Amino acid sequence: MRERTKQIILRQRVKVFAFTAFSVVTMGILTLQRPMEAAASTNPGLDSGNAQVSTVGSDTVLQYKTTGTSTFKAPGGVTNVRVMVIGGGGGGGSGGGGGGAGRMVAAPSMAITQGTSYTITVGGGGAGGVSNGQATSGNPSSIGSLAVAPGGGGGGGYNTKSGLNGGSGGGVARDNGIGGNTGTIGLGNQTGTVPAGGTGLGNNGGNNSPCTGTTGWCGGGGGGGASAVGGNGSGNSTQGASEVAGNGGAGSANDITGSSVTYAGGGGGGRHSAGTVGQGGGGGGGNGGVDTGAGVSGTANTGSGG
């Protein structure tokens, strides 16, 4: 399983022209809400990079969706912006643990300095695990040092079990009833920078509940999402037949682009040869895989786990 990328959005307000506000998204979003000079309408704060520019009513919205760095120069007259930034989602483990979503950082008003250039970084998603191995975590997204959203934790692999810590934590891999290592869940809300008055959303990954027999299999735990923990797997002594993997944690909605969109869902846990795979969390989380196979990637540009 592999995560999908994130984005950054910026939105600004201009006195004379059609745009009245400014937002920047780095699988995240930045929204400028102070009036700008009319001349800014010919340069909505872009020094370089690949922002997608749109308008919502009288607002200008910049969305950064491509992995890598760009530059945003704060236009004259703009001293505060609305922002949303989401880190890259974690990959899903081979053998069961769902990837955690990137941390979702948002603020209704973040102070910036007019004329100053800020580096916009869009973090890529983590790679899925192979051959029963653990997945890698997603990379952080940021607007300079003002808003930093860590990537989601990678899901555990069958050989290593434990999920990784991150913006939201990765789930524990599936287990059997032989009494092996059950692993530990990946913890969410790890580090990052949240602007004053903003929120930083992330949750823990799910576990695999202890199997009740000596031949049974328990499904992997789901990755954590922006608004909920990853679900736990379950199973019993009938090998595979009753194995159920945990669902990914649900994401969270934000309307900075002009309509309410849900982002940052956790990836679903995987199962063995039979039973039920975990479903990805709302907001773009990918479904779990079967045995050592890859699960479904998270939805692109949502910061969701695989």
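Our subject is the structure listed above.
Residues numbered from 1 in each chain as written. Predicted model: local features only at pLDDT ≥ 70, side-chain atom pairs only at ≥ 80, totals over all residues. Heavy atoms only, no water.

Summed over all chains, the structure comprises 0 aromatic pairs. For lysine 161, the ring lying beneath its charged end belongs to tyrosine 158, and the centroid distance is 3.9 Å. Across from the ring centre of tyrosine 158, 4.8 Å away, lies the NZ or CZ of arginine 174, which sits over that ring. (Phe/Tyr/Trp six-rings, centres within 6.5 Å; stacked < 30°, edge-to-face > 60°. Lys NZ or Arg CZ within 6 Å of the ring centre and 35° of its normal.)

So, about the nonpolar core. One finds Tyr64, Phe72, Met110, Ile112 and Ile143 to be the most contacted residues of the largest nonpolar core, which totals 19 residues. Taken together, the elements giving at least two residues each to this core come down to strand E6 (59–64), strand E8 (80–86), strand E9 (104–111), strand E10 (117–122) and strand E12 (147–149). Listed in part, the 9 residues of the second largest apolar core include Met84, Ile86, Ala101 and Ala226. (Core = buried A, V, L, I, M, F, W, Y, C linked by side-chain atoms within 4.5 Å. Buried < 20%, exposed > 50% of the residue type's maximum accessible area, 1.4 Å probe, protein only. Helix = DSSP H or I, 4+ residues; strand = E, 2+ residues; numbered from the N terminus.)

Turning to unusual backbone geometry, a few remarks are in order. The phi dihedral of asparagine 132 falls on the positive side, at around 70 degrees, and the residue is not glycine. Looking at where asparagine 132 falls in the secondary structure, it is placed in the loop between E10 and strand E11 (141–143). What makes asparagine 132 buried here is its relative accessible area of 18%. Despite not being glycine, asparagine 301 has its phi angle at roughly 60 degrees, a positive value. You can see asparagine 301 is positioned in the segment after strand E17 (261–263).

Next up on the list: the side chain of serine 252. Its place among the elements puts serine 252 in strand E16 (residues 252–254). Apart from residues lying up to four places away in sequence, serine 252 is in contact with Met104, Leu201, Ala226, Ser227, Val261, Thr262 and Tyr263. (Contact = heavy atoms within 4.5 Å.)

On to the pattern of salt bridges, then. With the rule as written, the count across this model stands at 2 salt bridges. When the shortest N-O distance is used, the salt bridge between aspartate 255 and arginine 82 registers 2.5 Å. In this pair, aspartate 255 sits in the loop between E16 and E17 while arginine 82 sits in strand E8, placing the two residues 173 residues apart along the sequence. Ionic pairing is found between aspartate 291 and arginine 174, a salt bridge with its closest N-O pair at 2.8 Å. Taken together, the residues aspartate 291 in the segment after E17 and arginine 174 in the loop between E12 and strand E13 (175–176) connect sequence positions 117 residues apart. (Salt bridge = Lys/Arg side-chain N within 4 Å of Asp/Glu carboxyl O.)

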